[in-house]
Amino acid sequence: MKRGGNNAQKRRAGEAAADAVADGQVVGLGTGSTAAHAIRALGRAVDAGRDVEGIPTSYQSRELARKVGLPTTTLEEASPDLAIDGADQVVGSDLIKGGGAAHAREKLVDAAADRLLVVADETKLAEALSVPVPVEVLPDAREPVADGVRERGGEPTLRAAERKDGPVVTDNGNLVLDCEFGEIDDPAGLAADISALPGVLEHGLFVDMADAIYVGTDEGATVRES
Ligand code: 5RP
């Protein structure tokens, strides 16, 4: 998927986070253009002799890992020491994710990791969470969940595919509602409300999940522990 933001900054963030991966570690591999820079850097590290395995969060990250020669494993076989993942918006240790509709597996892998390193360019940093929250729903649940979102003050839009007629279908065979709530004052409360709607597989609010934010800048990368 084509993404906005600053690609040079994304590359610096992704490469800096990949540098933090030690020999012998298992790494959750996020999805999106910033995480992809980390995956490429890890592929180069493996090529240079570092012993690292990745746990992909999507078809995209698995394919890229395979292409760059980064061995992969699963949550059944291993537990991630850390995960490196992108975000659509970052406020402290809270995130909105799901621009690539991979947030269900991303949350699973990111939560299983001992540490979550978020990689982002400067455009992702904000004072308050405000971009639409992606909500992955079972196909049959689309209308009931949309009603539930409206009752909580949100405006849901079914995510349309690009270069295919019809909706985006996730790696899990589900649909995505992008839910506009404006500025989100209580991310934890909203996260709990959305999770409680029957038919919701996962939403893109990652509340208090980030352990460190790697922000790519024009000069390099800064790291903020959170
Ligand atoms: C995918 C995600 C991505 O990490 C998020 O959309 C950021 O993408 P990018 O690094 O391409 O800007 O959550 O589901």
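Refer to the structure printed above.
Residues take numbers from 1 onward in each chain, read along the sequence in its written order. Note on the predicted model: pLDDT of at least 70 is required for a residue's local features to be given, and 80 or more for side-chain atom pairs to be given and counted; whole-chain, interface and lining totals, by contrast, use all residues. Heavy atoms throughout the structure, all of them, feed into the side-chain values; hydrogens and water do not.

This part takes up the site of the ligand. Of all residues adjacent to the ligand, which total 19 residues, the nearest are Ser33, Thr34, Asp88, Lys97 and Lys124. Residue Gly86 places a main-chain N or O atom 3.5 Å away from an oxygen atom belonging to the ligand. Polar contact is the term for a pair of N or O atoms within 3.5 Å; when the atoms are in protein, one must be able to donate a hydrogen and the other to accept it, and sequence-neighboring residues count only if both atoms are side-chain atoms. A distance of 2.8 Å is found between an oxygen atom of the ligand and a side-chain nitrogen or oxygen belonging to Lys97. The method behind every accessible area is Shrake-Rupley, applied with a 1.4 Å probe, and residues are considered shielded solely by the protein chains displayed. Look at the ligand: alone it shows 380 Å² of surface, and the protein chains cover 99% of it. Segments assigned H or I by DSSP are reported as helices when at least four residues long, segments assigned E as strands when at least two residues long, and all are numbered from the N terminus. Mapped onto the shell around the ligand, the elements with two or more residues apiece are α2 (33-47) and α4 (103-112). When residues are sorted by character, Ala, Val, Leu, Ile, Met, Phe, Trp, Tyr, Cys and Pro go into the nonpolar class, Asp, Glu, Lys and Arg into the charged class, and all the rest, Gly among them, into the polar class. Class assignment for the residues of the shell around the ligand results in three nonpolar, nine polar and seven charged. We define proximity as follows: a residue is near a molecule or strand when any one of its heavy atoms falls within 4 Å of that partner.

Two rings belonging to Phe, Tyr or Trp (six-membered ring only in the last case) form a pair when the distance between their centres is within 6.5 Å. Interplanar angles under 30 degrees mark stacking, angles over 60 mark edge-to-face geometry, and anything in between is tilted. In this structure the tally under the stated criterion is zero aromatic pairs. Distance and angle both matter: a charge sits over a ring if NZ of Lys or CZ of Arg is within 6 Å of the ring centre and within 35 degrees of the ring normal. Positioned over the ring face of Phe206 is Lys97, at 5.6 Å from the centre of the ring.

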